[in-house]
Amino acid sequence: MKQIKFIFTGPPGAGKTTAIATISEFPPVSTDVFSTDSLSKLKDTTTVAMDFGQITLENGQKIGLYGTPGQRRFKFMWDILIQGGLGLIVLIDNRRPEPFKDLAMYLDNFSEFIEKTDAVIGITCIDIKDTPTLDDYQDFLKERGQIYPSFAIDARNKDDVLFLLNTLLTCLETS
Amino acid sequence: MDNTIRLPENVLAFARLELQKIADELEGIKVVVLATEDGFDIVSAVRDGSDPSRIAAMASSISAISTVVSEEANLGDSKNVIINTVSGFAVMQSIIRNDARLVLNAIANEKAVLAHVIYRTSHFANSLLTL
Ligand SMILES: Nc1nc2c(ncn2[C@@H]2O[C@H](COP(=O)(O)OP(=O)(O)O)[C@@H](O)[C@H]2O)c(=O)[nH]1
Ligand SMILES: [Mg+2]
């Protein structure tokens, strides 16, 4: 069975590294270093190259889990990491000042990739800040004509992350 | 730039002077950039129109990946990374100070001598550790 490759992207602090660590069957490869910008107020480290983990589904299907750096200055890594990928998981941090702008930025930058493959969206930290709501996100996506499945998730919760993964798999099977 | 790292003024002054000297004195140097480990340029000397901020980000990614590789192979801390190409090379030298984790990046064309560049970048790294 061919290994499937999924890519996690989204702004710094949205939970990409956490989500991969939550479900990976081995300790993920991590390239986090200490952050020196304003992000360091939120968390100590940031991913500067990639995260890599793996999960094997009950049917034996292996899925490679690749996380990107969030910051635009690492865009060259985005272009490397999507190669051979079959789907994109966009995590959006609801605490950030302009989450729609964040979402638009990743959907735009990965547009070519997700047109060829598929995407799901996970909104994190809704427990900390409950607006915008999931409905607001779905309206925003509808306006853009990009009806990707979107859910509220906690990147620390295994079932939540697996749910995103399974949704993406289902999208791929039915498209 | 919203980078909050603050190197002591004497360290910055030394870095400005020394990077310019490396760029001026060594043949074939295209650009030298001192950057933070998370990919922000702090001081640079550019001879070919390169964008130091792009180089800083790439150096950060490559250094991080080389750290993963050296850990995986039980090789101890990664000191530098050299990318040798048909028309030049890039040297990325880690500089781990108590107050800052840095990467020095030197990019040179085929006229440069790799050993000379490594000598100067390691020397620069050692000086930054003692300042
Ligand atoms: N409260 C809360 N914290 C979360 C949630 N999802 C992730 N986190 C935390 O947010 C941080 C995300 O950091 P990280 O995974 O490094 O983000 P990355 O930059 O996207 O890789 C971690 O400290 C997680 O524990 C969530 O839904 N609620
Ligand atoms: Mg990360």
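Residues numbered from 1 in each chain as written. Chains lettered and ligands numbered in written order. Predicted model: local features only at pLDDT ≥ 70, side-chain atom pairs only at ≥ 80, totals over all residues. Heavy atoms only, no water.

- Going by what an unreviewed UniProt entry lists, chain B is known as Roadblock/LC7 family protein and is assigned to Candidatus Competibacter denitrificans Run_A_D11.

- The name that an unreviewed UniProt entry assigns to chain A is Small GTP-binding protein, with the source organism given as Candidatus Competibacter denitrificans Run_A_D11.
- Annotation of chain A in UniProt includes, under Sequence similarities (unreviewed entry), the sentence "Belongs to the GPN-loop GTPase family." (UniProt positions renumbered as here; feature names shortened; annotations may be inferred.)

1. Some points on the overall build of chain B
Now for step 1: Helices and strands together make up the secondary structure of chain B, namely three helices and five strands.
Now for step 2: In chain B, the succession of helices and strands from N to C terminus is α-β-β-α-β-β-β-α.
Now for step 3: The globule rule puts the C-alpha radius of gyration for 131 residues at 14 Å, and the 14 Å found for chain B is close to it.
Now for step 4: Counting only C-alpha atoms, chain B reaches 40 × 35 × 25 Å along its principal axes.
Now for step 5: Expressed as a percentage of the 131 residues in chain B, the buried residues total 49%.
Now for step 6: When contacts within chain B are restricted to residue pairs at least 6 apart in sequence, those whose partners lie at least 24 apart make up 53%.
Now for step 7: Summing over all exposed atoms, chain B offers an accessible surface of approximately 6,700 Å²; the carbon and sulfur share of this is 52%.
Now for step 8: Computing the positive centroid from 11 side-chain charges and the negative centroid from 16, chain B places the two 5 Å apart. (Helix = DSSP H or I, 4+ residues; strand = E, 2+ residues; numbered from the N terminus. Rg over C-alpha atoms; globule rule 2.2 N^0.38 Å. Buried < 20%, exposed > 50% of the residue type's maximum accessible area, 1.4 Å probe, protein only. Contact = heavy atoms within 4.5 Å. Areas by Shrake-Rupley, 256 points an atom, 1.4 Å probe, with all protein chains shown as cover. Lys, Arg positive; Asp, Glu negative; His and termini not counted. Charge placed at Lys NZ, Arg CZ, Asp CG, Glu CD.)

2. Focus on the confidence of the model for chain B
Now for step 1: For chain B, per-residue confidence averages 94 on the pLDDT scale, and residues scoring 70 or more make up 97% of the total.
Now for step 2: Both scores are given for the predicted complex: the pTM is 0.94, the ipTM 0.89. (pLDDT = per-residue confidence, 0-100.)

3. Considering the site of ligand 1
Residue and element names in this part refer to chain A.
Now for step 1: Around ligand 1 lies a shell of 17 residues, among which Gly13, Lys16, Thr17, Thr18 and Lys43 are the nearest.
Now for step 2: Lys43 places a side-chain nitrogen or oxygen 2.7 Å from an oxygen atom of ligand 1.
Now for step 3: Backbone polar atom of Ala155 to a nitrogen atom of ligand 1: 3.3 Å apart, as the coordinates give it.
Now for step 4: Across the complex, the protein chains shield 83% of the 600 Å² of accessible surface that ligand 1 would expose by itself.
Now for step 5: For the shell around ligand 1, the leading source of residues is helix 1 (residues 16-23), giving three residues. (Near = heavy atom within 4 Å. Polar contact = N/O pair within 3.5 Å; in protein donor to acceptor, adjacent residues only side chain to side chain.)

4. So, the coordination of the magnesium ion (ligand 2)
Residues and elements named next belong to chain A.
Now for step 1: Within the protein, the atoms that donate to the magnesium ion (ligand 2) are Thr17 (OG1) and Thr47 (OG1), at distances of 2.0 to 2.1 Å. Taken together, the residues span a long stretch of sequence, with Thr17 in helix 1 and Thr47 in strand 3 (residues 45-56) at a distance of 30 residues.
Now for step 2: Judged by relative accessible area, which is 5%, Thr47 ranks as buried. (Donors = N, O, S within 2.8 Å, 3.2 Å for Na, K, Ca; no water.)

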